[in-house]
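One-letter residues, chain by chain:
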Amino acid sequence: MASSEPNDDVKRVKILIIGAGMAGLSAANHLAKNGMTDFLVLEASNKIGGRIFSAQTGKHRLELGANWIHGVLGNPLYEIAIANGLIDIVHVPKPHRVVAATEDGKQVPFGVLQEMYQAYVCFLRRCEEYFLCQYLPPEGINSVGEHLGLEMALFLERVSDPAQRHLRSLIFRCLLKRETCIAGCHSMSDIDLMQLGSYTELQGGNIALPSGYSSILDPVSRLIPPQNILKKHPVSTIRWRYSEELLIGNSVVSPGTDSGIDLYGLGDTGNESDDSDVTVTGDTPPESSPNSSREPSSEKECISVIENLPTNEERNIQPEGGSESAPASEPNSSEDKEGSAEDQKRSTFGSIPRRRKSRKRKSHHPNVEVVCENGQHFYADHVICCVPLGVLKTQASQLFSPSLPQYKLRSIDKLLFDTVDKIFLEYDRPFLNPEVSEVMLLWDSDECCSDTKEMKNRWYRKIYSFSKISETLLLAWISGKEAEYMETLSHEEVAETCTNILRKFLNDPFVPKPRSCICTTWGSQPYFRGSYTAIAVGASQDDIDNVAQPLYSNDQQAKPVVLFAGEHTHSSFYSTVHGAYLTGRSAAQILLAPDSPEELILEADEDASDLSAWIQGIALQ
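Criteria and cut-off values
- Just so you know, the residues in each chain are numbered from 1, in the order the chain's sequence is written.
- Residue-level local features of this predicted model are given only where pLDDT is at least 70; pairs of side-chain atoms are given and counted only at 80 or more, and the full residue set underlies all totals for whole chains, interfaces and linings.
- Heavy atoms from the whole structure form the basis of all side-chain values; hydrogens and water molecules are not counted.
- UniProt positions are given in the numbering used here, feature names are shortened, and annotations may be inferred rather than shown by experiment.
- The numbering of helices and of strands both runs from the N terminus, where a helix is a DSSP run of H or I of at least 4 residues and a strand a run of E of at least 2.
- Per-residue accessibility, obtained with a 1.4 Å probe over protein chains only, is compared with the maximum for each type, and a residue is labelled buried under 20%, exposed over 50%, and partly exposed between these values.
- Any pair of residues with heavy atoms lying within 4.5 Å of one another is described as a contacting pair.
- Areas reported as accessible are Shrake-Rupley estimates using a 1.4 Å probe. Residue values count occlusion only from the protein chains shown.
- Patch construction takes residues with relative accessible area above 30% that form no salt bridge. Like charges are linked within 9 Å, and nonpolar side chains (Val, Leu, Ile, Met, Phe, Trp, Tyr) are linked within 5 Å.
- One side-chain nitrogen of Lys or Arg within 4 Å of one carboxyl oxygen of Asp or Glu is enough to make a salt bridge.
- Pairing of aromatic side chains requires ring centres within 6.5 Å, counting the rings of Phe and Tyr and the six-membered ring of Trp. Pairs whose planes differ by under 30 degrees are stacked, by over 60 edge-to-face, and all others tilted.
- In this description, a nonpolar core means a group of buried Ala, Val, Leu, Ile, Met, Phe, Trp, Tyr and Cys residues linked to one another through side-chain atoms lying within 4.5 Å.
- By this definition, two strands are paired if DSSP reports at least two bridges between them.
- To get an axis, a line is fitted to the C-alpha atoms, and for a helix only the part in contact is used. The angle between two axes follows their N-to-C directions and goes from 0 to 180 degrees.
- Every residue gets a pLDDT, meaning the predictor's confidence in that residue, from 0 to 100.
- Any angle between 65 and 115 degrees counts as roughly perpendicular, while under 35 counts as roughly parallel, over 145 as roughly antiparallel, and the rest as oblique.
- Left-handed describes a crossing in which the near helix is turned anticlockwise from the far one by less than a right angle; the clockwise case is right-handed.
- When residues are sorted by character, Ala, Val, Leu, Ile, Met, Phe, Trp, Tyr, Cys and Pro go into the nonpolar class, Asp, Glu, Lys and Arg into the charged class, and all the rest, Gly among them, into the polar class.

As recorded in an unreviewed UniProt entry, the chain goes by Amine oxidase domain-containing protein and comes from Megalurothrips usitatus. Note on the chain: under the UniProt heading Subcellular location (unreviewed entry), the record states "Cytoplasm". The record in UniProt for the chain states the following under Sequence similarities (unreviewed entry): "Belongs to the flavin monoamine oxidase family."

It is worth spelling out the overall build of the chain at this point. Helix and strand content of the chain: 17 helices and 24 strands. Buried positions account for 55% of the 621 residues belonging to the chain. Expressed as a percentage of contacts within the chain between residues at least 6 apart in sequence, the contacts between residues at least 24 apart total 80%. When the accessible surface of the chain is split by element, carbon and sulfur atoms take 50% of a total near 28500 Å².

Our focus in this paragraph is a nonpolar patch on the surface. Taken together, Ile 82, Ile 89 and Val 90 make up a surface patch of nonpolar side chains, about 310 Å² in accessible area. With respect to the secondary-structure elements, Ile 82 resides in helix H2 (residues 76–83). Its relative accessible area of 35% is what places Ile 82 among the partly exposed residues.

The tally for this structure, following the rule as stated, stands at twelve aromatic pairs. With a centroid separation of 5.8 Å and an interplanar angle of 50°, the aromatic rings of Trp 443 and Tyr 460 are classed as tilted. Residue Trp 443 is located in the loop between strand E19 (438–442) and helix H12 (455–458), and its partner Tyr 460 is located in the loop between H12 and strand E20 (465–470); the two are separated by 17 residues in the primary sequence. Overall, Tyr 460 belongs to the partly exposed group, its relative accessible area being 21%. For the ring pair Trp 459 and Tyr 460, a centre distance of 5.9 Å and an interplane angle of 80° mean the geometry is edge-to-face.

Counting 47 residues, the largest nonpolar core has Val 144, Leu 148, Ile 171, Ile 191 and Leu 442 as its most contacted members. Sorting the residues of this core by element identifies strand E7 (98–102), helix H3 (110–133), helix H4 (144–156), helix H5 (162–183), strand E18 (420–426), E19, strand E21 (473–479) and strand E23 (532–534) as the ones contributing at least two each. When residues no more than four places from it in sequence are discounted, the contact partners of Leu 148 are Tyr 120, Phe 123, Leu 124, Cys 127, Phe 172 and Leu 176. In this structure, Ala 66, Tyr 78, Ile 229 and Leu 591 belong to the second largest nonpolar core, which totals 45 residues.

Further remarks concern the sheet that holds strand E15 (residues 382–385). Reading across the sheet, the five strands line up as E9-E3-E2-E15-E24 and stay open at both edges, with parallel pairing between neighbours. Two strands in the sheet have a free side with no partner beyond their single neighbour: strand E9 (229–230) and strand E24 (562–564). The strands touched by helix H1 (residues 22–33) within the sheet are strand E2 (15–18), strand E3 (39–42), E9 and E15, with E2 carrying the most contacts at an inclination of about 155°.

Turning next to the confidence of the model for the chain. With 74% of its residues at a pLDDT of 70 or more, the chain has an overall mean of 82. For the stretch residues 250–362, pLDDT sits under 50, and the model shows 224 contacts to residues farther than four places along the chain or on other chains.

A sheet is described by the order of its strands in space; here six strands give the open sequence E7-E19-E20-E21-E18-E22, paired in mixed fashion. Every interior strand has two partners, whereas the edge strands, E7 and strand E22 (516–519), have only one. Going across the sheet, the axis of each strand differs from the next one's by a mean of 20°, ignoring polarity. Relative to E21, E20 runs antiparallel, the two sharing three bridges. Its bridge partner being in E21, Lys 468 is matched across the sheet by Leu 474. Those strands touched by H5 are E7, E18, E19 and E21, and its axis lies near 115° from that of E19.

Our focus in this paragraph is the packing of H3 against H4. Packing of H3 against H4 leaves a shortest axis separation of 10 Å and a crossing angle of 135°. Overall, the two elements H3 and H4 adopt an arrangement that is oblique. Where H3 crosses over H4, the handedness of that crossing is right-handed. Mapping the contact onto sequence places Glu 115, Met 116, Ala 119, Tyr 120, Phe 123, Leu 124, Arg 126, Cys 127 and Tyr 130 in H3 and Val 144, His 147, Leu 148, Glu 151, Met 152 and Phe 155 in H4. Here the residues of the contact of H3 with H4 sort into eleven nonpolar, one polar and three charged.

Shown next as structure tokens:
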């Protein structure tokens, strides 16, 4: 989809969407589908799709980013793919035959490999039960890696032969390395045990798109006007209290003065803001359920935050880039205590007594100003921020002005967004047995490498297998610190190392060198800074909900100024493309919904005999 450059350095729209990944495209698509086209999508790179990136090399199509549609039942992306003929439903996949080899080139009996895989899956399911059944793990066991290690130690106690015990431990370590690529972490000791089951796995397995995952982008973006997507527009600043700064004269030139810039659109100054009506109460926003899914609940959660907001006089707005003052009612304890997260959400605007009233606010100022690195300024009433979590972790404190609330910054910091990379090896001719689809590497070493000084001679030990994409294309996965180190190497160095690995494990000195080697670099990409979200030890679904919480800049807004979308904002489908799609769609729906009506207070008849009789007389609309 082609981008369009604006004619001026200033652009005013109703909604700005930052990021043209799946979340941003989903939001824009939902707006356009409902007849709302007064929006712009600002994309930092020169392509849409974000972490969806299919590339062609020779006769092979490579999935450099997202690989599969995860699940069938209830997956909107599967439904889109089916509706657009992107999936061959009669395709019969080839049998998947795995061989496992040790460093001395000896293959492991398939029965032993199958035994260990079944045991490992059982161990992993037991880890998930802590979240699903809400019971406590053994004392001192906090991570998935620790629990799996405990299970494995108990399992190996039953194996009397030391050689067989060692062989099974090598298989277990290989499966753990594989799991780090699935979870998106350096080590499974980084993943919180109590939260592993929070991820909801949709039934149906992993589905690949024959024409490439990027083919899903066309039906998702088809309705979006091409001129509404601006590529090569990285955002440097989101001033999300811009209208408040204008109203209080916070060193901001008021629009319509000598600058000659009309920020109000078409010079129409006679209409009130669409978001001028609101009923404010002092109720505490309800806490989100740890088992809730972002997609069905996010709209209620976003709307609920409108409560407990202060008046203009009670709010203490800091200058651009400054921090917010704590409300007078805030306890004297350190604001880093985790137990005060909900209080900090409410203290975004200060603490107020319960009140019920409606007021009109006549303001034509845009709620938010977005400044791009190319110097262009954009103004909008609402922003949907679809920036990846990796970028938020490195830039959130500078990206937003004023800074994000402390509870949100802490949750961004607590969540995990590590690097998972792929290594593609393309050959001129086949050399693996046609019946073999994957070669597992049973490295005779202990833990993954963490010391950067040792990384040069050990990074490749994190590669757990080479799998066939075709007879002449192999794929290896690598995660964590080893993946980050691999990104610093040339493709020639990686190709030579992989060739030596294959020759060693296959016990074949004639394994050819690849014609080409292509490696992904998600960790060092400035607009991603990693691959996908995981819940680290000490974090929880609540942190995902905190990141997803929208922002209001004043107490008269019926809808949020800033909404957040992306896979990192879905508490059940984090790390998936369909999670990103659902959160983008939900954010757009919140902005499309009509403003909340004024509060209706019903009083019971004094003669009513009981409460139930009175309730039955109310007709719910």
